[in-house]
Each structure stands twice: as C-alpha cells, then as structure tokens.
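Observations on the three-dimensional arrangement
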Amino acid sequence: MCPAILEKICLQYGLGNPVCEPFALKGGFLHKMYALFTPTGKYAVKLLNPHIMQRKTAMENYRTAERLEMLLEENKVPIIPALVFANGKMQQLEGQFFYLYPWYDGKALSIGDIREFHCRKIGRLLAQIHGLDRRSKAYIRSPLSIDWDFYIERLAVANPQLGRLLQKNRSLLYELAQNGNLAVSQMPPVLSVCHNDMDAKNVLWEGKDCRIIDLECLDYNSPFLELMELALCWSGCYDCRIDYELFRCFLHAYAEAGGTLPADWETVYWCNNSRLEWLEYNCKRSLGIECAAGEVSLGISEAIHTMAQIVYYRNAFHSVIKNCPQA
C-alpha cells in the first residue's frame, strides 16, 4: 500500500491529486522509490531511509552531493537532478525526508542486456565526471575493523544459514580487510568527483539515450577505485560472471575519453573492498540492527548475495589483473 505521505506531498507541493494509484519502483536497497503521476506531470519520489538520516554525517553528506549534482548538471552530464522547492532539493514533511524528480521513460539494464555500446558510453561518461574537479590530494579512508566473530555468534542463533556462511568464510573476510587496509596507504594521492554507486541499476536507458540517477552518494573519492569497481560491475561481477571483453571495453573507453588509468592495478584491486562494508550493513539488517522490521529479509538475501560476490571477487584476482590495460 502506498504511504499516506505521498498524498500529503501532492497537496503540500501543489502537484494535484494523483491520476492513478502511486506504485513502488524497483531497484533501491536503502531508500523507497515511488512513481507519482498527477495532472501537473509525472514524478519519481524518493523517501529517504529514516535510519540513514539519523547518522551524524547524513546531512553534511547530502549537502555535498547536492552541490556536486549541480556541478554535473552545469557540465551537461546526463543525469536526472532533483527538483528544487523553496531554494532546496531535499524536502521534509512530517519528519520524512525526500527528493522529488521529473519522470524519465527509461529502464535500467539487467546484466544480460549490457553490450559493448553501453560499456563504452558509461566508460566515457565516467571519464567526464572524473575530469570535472580532479585534485592532487591523499586518499584517506578509516581502516576497516569489522568484528566478524560478533556477527557469526549472533547469526548462529538468529539465522543459522547465514551464520554458517560467515563462519565458512571467516578467514577470507579478515584477510581481505587486512589487504585492503594495507592497500589504502599505497593508493595514489588523487581525488575527483565520483558518483560512488553508478552500477547498472542506477543508469536508465531509452534506446541509446541514458540518464544517471541516485546521486546522493556524490563525493570526492579515488577515481581509480571507482573505475575498477564500475568496470567490474558493468561486465558482470555483480552476478559473479565477468565478461572480460566488456571489462576491457569499459576501461579502454574511459582511457580514450581522457580518463587516467592507474599504474598499479593490484593496489587498486585490494583497496576495492567496499563489499565488506555492504556485507556488514546487511548482517546488521539481518539481525534487526539499525533498520526497520521490514528490512530483515532484505538484509538476509543481500548478505548471502554479497558473500558470494566477495568469494568470486577474491578468486578472480589473477584474471582481472591480466585484463587491465597498461597506463
């Protein structure tokens, strides 16, 4: 059932009464998206996760993302920017934070639908984004220090299947964290504007035309890390089956569009361990920690899927490095 907040948004922001029942949109794992069709137009509404909004850094992060969103818009990067009301993008009504977007008749690609054309286009767009504000500044990230034994112990009771899965891969999880922490200190001192979540689900296509969505994670980050992660995502790593022709296509398109390739791919590979943080977040959701009651089942499924990705990623090391072009 559609939240009552959508009706109140229509009233408060003068959108008119919905001409059809608002419906949920697929894709997001953190926030809730709805289609909202009214006499004034078609919109997408993103209701921000209240547990995310309670984090101390949430508002500062969103302000940074909104500023960089405007930079992308000014430079004609094909995005769907949030609409502005009362001089602001983020809105709040009865304690619910949200963004309102114009509707775009495009669809996200499934992994099986991705072709070389898509990889070339996204590779070029990524190079464009990374070139907007490139800075010679150290890449700094807090060391990963996740107590996997805590989750193994708790999940042994709450969800034995997931608990056993973590236990089976306990050594790998600690190994990857250690490798990643070491690699961070060796990363080149370069930062640029990064989307930080521009995988296939966050690009909508209408024929050969596309629009980038989910811009709340925009921030300064290592362009090399994002390049590695997105080349892997767009070539099938999410489904644990990398197509290395697509992988190379993505990287070559990025370089041809002016993007800088890293000199040391191995350091970037080991530093690229955000899946560990995503796994921990979903272990928390699996235990009902820092989430709504309805997110527990999503947390379990995402944790199982992410664990499979982590194992696949580790085993793919030699093949990935072999297919990375020289700078």
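Below is a short write-up of the structure. (Residues numbered from 1 in each chain as written. Predicted model: local features only at pLDDT ≥ 70, side-chain atom pairs only at ≥ 80, totals over all residues. Heavy atoms only, no water.)

Observations concerning the layout of surface pockets
What the second largest pocket holds in volume is close to 480 Å³. In this structure, the second largest pocket is lined by 20 residues; those nearest its centre are Leu-25, Lys-26, Met-33, Leu-204 and Ile-213. Class assignment of the residues belonging to the lining of the second largest pocket gives a composition of 11 nonpolar, 4 polar and 5 charged. (1 Å grid on protein atoms, 1.4 Å probe; cavity = no way out; pocket = protein on both sides within 12 Å on 5 of 7 lines; lining within 4 Å. Points joined across faces, edges and corners; volume = space filled by probe spheres on them. Nonpolar A, V, L, I, M, F, W, Y, C, P; charged D, E, K, R; others polar.)

What about the packing of aromatic side chains?
Using the criterion set out here, one finds 16 aromatic pairs in the structure. Ring centres of Tyr-62 and Tyr-99 lie 6.2 Å apart, and the angle between their planes is 50°; this geometry places the pair in the tilted category. Highlighted residues: Tyr-62 in helix α3 (residues 58-74) and Tyr-99 in strand β5 (residues 96-102), separated in sequence by 37 residues. Here Tyr-62 and Tyr-99 have matching classes, each one buried. Judged by centre distance (5.6 Å) and plane angle (25°), the ring pair of Trp-278 and Tyr-281 falls under stacked. (Phe/Tyr/Trp six-rings, centres within 6.5 Å; stacked < 30°, edge-to-face > 60°. Helix = DSSP H or I, 4+ residues; strand = E, 2+ residues; numbered from the N terminus. Buried < 20%, exposed > 50% of the residue type's maximum accessible area, 1.4 Å probe, protein only.)

Here we look at the pairing of strand β8 (residues 203-206)
Bridging between strand β6 (residues 107-108) and β8 involves 2 bridges; their strand directions are antiparallel. For Lys-107, the partnering residue across the bridge sits in β8 and is Trp-205. Relative to strand β9 (residues 209-212), β8 runs antiparallel, the two sharing 4 bridges. Bridge assignment links Leu-204 to a residue of β9, and that residue is Arg-211. (Pairing = 2+ DSSP bridges.)

Concerning unusual backbone geometry
Residues other than glycine seldom take positive phi values, yet Glu-94 does so here, at roughly 55°. Residue placement: Glu-94 occurs in the loop between β4 (91-93) and β5. Positive phi outside glycine occurs at Asp-214, with the angle close to 55°. The topology assignment puts Asp-214 in the loop between β9 and β10 (219-221).

Quick notes on empty space enclosed by the protein
Here the structure, examined in full by the defined rule, presents 2 cavities of 30 Å³ or more. Roughly 50 Å³ of internal volume is contained in the largest cavity. In this structure, the largest cavity is lined by Leu-176, Asn-272, Asn-273, Arg-275, Leu-276, Ile-310 and Tyr-313. Going through the elements one at a time, α11 (274-286) and α12 (296-315) are the ones with two or more residues in the lining of the largest cavity. Residue classes in the lining of the largest cavity are distributed as 4 nonpolar, 2 polar and 1 charged. Space inside the second largest cavity adds up to approximately 30 Å³. Taken together, Leu-176, Tyr-269, Trp-270, Asn-272, Asn-273 and Tyr-313 form the lining of the second largest cavity.

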